[in-house]
Amino acid sequence: MYFKPLLNILITPVEYAFDFFRAFSWSKASPFCPKQKQLHYDILLLAHTVEKGLSVSKPREGFGRVKILNLLHFLSLYQDDWSRFPLEKSYGCLKSYLDWNTSKGVELGDFGDKIYAFLQRCEQLGLEPKGGVKHISNSSLQNNPAAQAFLKARFSSRRFQPDKVDPDILSEIVEIARRSPSQCNRQSGRIHYYSRFEDIDRLLRLQGGAEEFRESVPNLFVISSEISAWSGFKARSQAYVDGALLAMQILNACQSLGLGACPLNLAVSNYKELKICEAGGISKGERLIMMIAFGFPEPTGLVVARSERMCTADLLTCH
Ligand SMILES: Cc1cc2nc3c(=O)[nH]c(=O)nc-3n(C[C@H](O)[C@H](O)[C@H](O)COP(=O)(O)O)c2cc1C
């Protein structure tokens, strides 16, 4: 009776050792991590510090010099055939930085020339600037009862019609999911979509938590997070934080588009997780966060688990 729970605890250090081995092999600091991937994330993080600096109420004139010099160095090593996004983002951030300093009459000298040379490289490549600051209308922050009602009404659905979602709906889900927040906007989360019965069946058998409705799941996401977006002991759980936020946004996106969805746990051993990666054609450099079964709900008389919540007083501690 006590043997199984005890065994489970005793196995835990072994799994942590595997976690360490996977972090060591795939993290941004790993000698095995491809150089361009390291640069991809290093550039995204540093470019974001520039736009963050510009978004505070009183940016310091000429702020961020050391970080920007570092960013320019990384950009000089970065190959634009890897992914254009880090270049586009840096283009927008550094352009805004130059414009802001010019508007304040700040003389940046050689440092400004280096930034300008990078902006010219982007222009020659025909890139679009995708960073900096944006202006938000205050009306978007008004009390919105319809949004509150929508958020309170989300539920997990385990009964679906057999239809696959069409590509327009799929891309709308991803369009909404793109707006998920992520640490330093590094966007480590990834979405894998499956619609073939044999793929879904294989993946759900490995997952094991949807046995009663596995055969009726018409669409399936596997949400993951790239290990290479992270480095260092402090970030050891951050792949899960970013991945879980992405998954939550997807659940809301599904319901907003009239789809039913059910999150499915991936509380599995490293061995099982790697088997799921193999079955789903997912890189072993991604940690798996959860699966999401989804589809059109039954047209009438939908029944879902009530899943009552504890009261707000138990949830909230005001300090
Ligand atoms: C990370 C996570 C894993 C879950 N795994 C399963 C699962 O394996 N099988 C299942 O039927 N439901 C699963 N659920 C759904 C929960 O049971 C459900 O979210 C919870 O009861 C709250 O109900 P609601 O989603 O309807 O609000 C999971 C939910 C989360 C957040």
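Note that this is a predicted model, so its numbers are computed, not measured. (Residues numbered from 1 in each chain as written. Predicted model: local features only at pLDDT ≥ 70, side-chain atom pairs only at ≥ 80, totals over all residues. Heavy atoms only, no water.)

**Describing the site of the ligand**
Residues in close proximity to the ligand total 14 residues, the closest being Arg 154, Ser 156, Arg 158, Asn 265 and Arg 309. Take Gln 207: an N or O atom from its side chain is 3.1 Å from an oxygen atom of the ligand. Between the ligand and Arg 309 there is a distance of 2.8 Å, counted from an oxygen atom to a side-chain nitrogen or oxygen. Contact with the protein chains covers 66% of the free accessible surface of the ligand, which is 620 Å². With four residues, strand 3 (residues 260-265) is the single largest residue contributor to the shell around the ligand. Looking at the shell around the ligand residue by residue, the class counts come to six nonpolar, five polar and three charged. (Near = heavy atom within 4 Å. Polar contact = N/O pair within 3.5 Å; in protein donor to acceptor, adjacent residues only side chain to side chain. Areas by Shrake-Rupley, 256 points an atom, 1.4 Å probe, with all protein chains shown as cover. Helix = DSSP H or I, 4+ residues; strand = E, 2+ residues; numbered from the N terminus. Nonpolar A, V, L, I, M, F, W, Y, C, P; charged D, E, K, R; others polar.)

**As for the domain arrangement of the chain**
In terms of domains, the chain is made up of domain 1 (17-124) and domain 2 (145-295). The centre of domain 1, based on its C-alpha atoms, is set 30 Å off from the matching centre of domain 2. Around 1,600 Å² of area is buried between domain 1 and domain 2 when both sides are counted, 53% of it from carbon and sulfur atoms. Together, Arg 22, Trp 26 and Tyr 41 form the three largest contributors to the area buried by domain 1 at its contact with domain 2, with a combined 44%. Connecting domain 1 to domain 2 are three salt bridges. Glu 273 serves as the salt-bridge partner of Arg 22, at 3.2 Å between the closest nitrogen and oxygen. Across the contact surface, domain 1 and domain 2 share 10 residue pairs in polar contact (both at pLDDT 80 or more). For the side of domain 1 that touches domain 2, the secondary structure elements donating two or more residues are helix 1 (3-26), helix 2 (35-55) and helix 4 (85-103). Here the element with the most residues in the side of domain 1 that touches domain 2 is helix 2; it accounts for seven residues. Of the residues that constitute the side of domain 1 that touches domain 2, the class distribution is nine nonpolar, two polar and seven charged. (Domains from an automatic or database assignment. Buried area = accessible area lost by both parts, 1.4 Å probe. Salt bridge = Lys/Arg side-chain N within 4 Å of Asp/Glu carboxyl O.)

**A word on the environment of Pro 5**
Mapped onto the secondary structure, Pro 5 falls in helix 1. Residue classification places Pro 5 among the partly exposed residues on the basis of a relative accessible area of 45%. For the pair Pro 5 and Glu 278, spaced 273 residues apart in the sequence, the C-alpha separation amounts to 29 Å. (Buried < 20%, exposed > 50% of the residue type's maximum accessible area, 1.4 Å probe, protein only.)

**Description of helix 3 (residues 65-77)**
Helical periodicity: at 3.6 residues per turn, an α-helix aligns residues three or four positions apart in one direction. Between the first and last C-alpha of helix 3 there are 19 Å, a value that for 13 residues agrees with the 18 Å anticipated at 1.5 Å per step. The inward-facing, buried residues of helix 3 contact helix 2, helix 4 and helix 5 (109-124). (Expected span 1.5 Å × (residues − 1). Contact = heavy atoms within 4.5 Å.)

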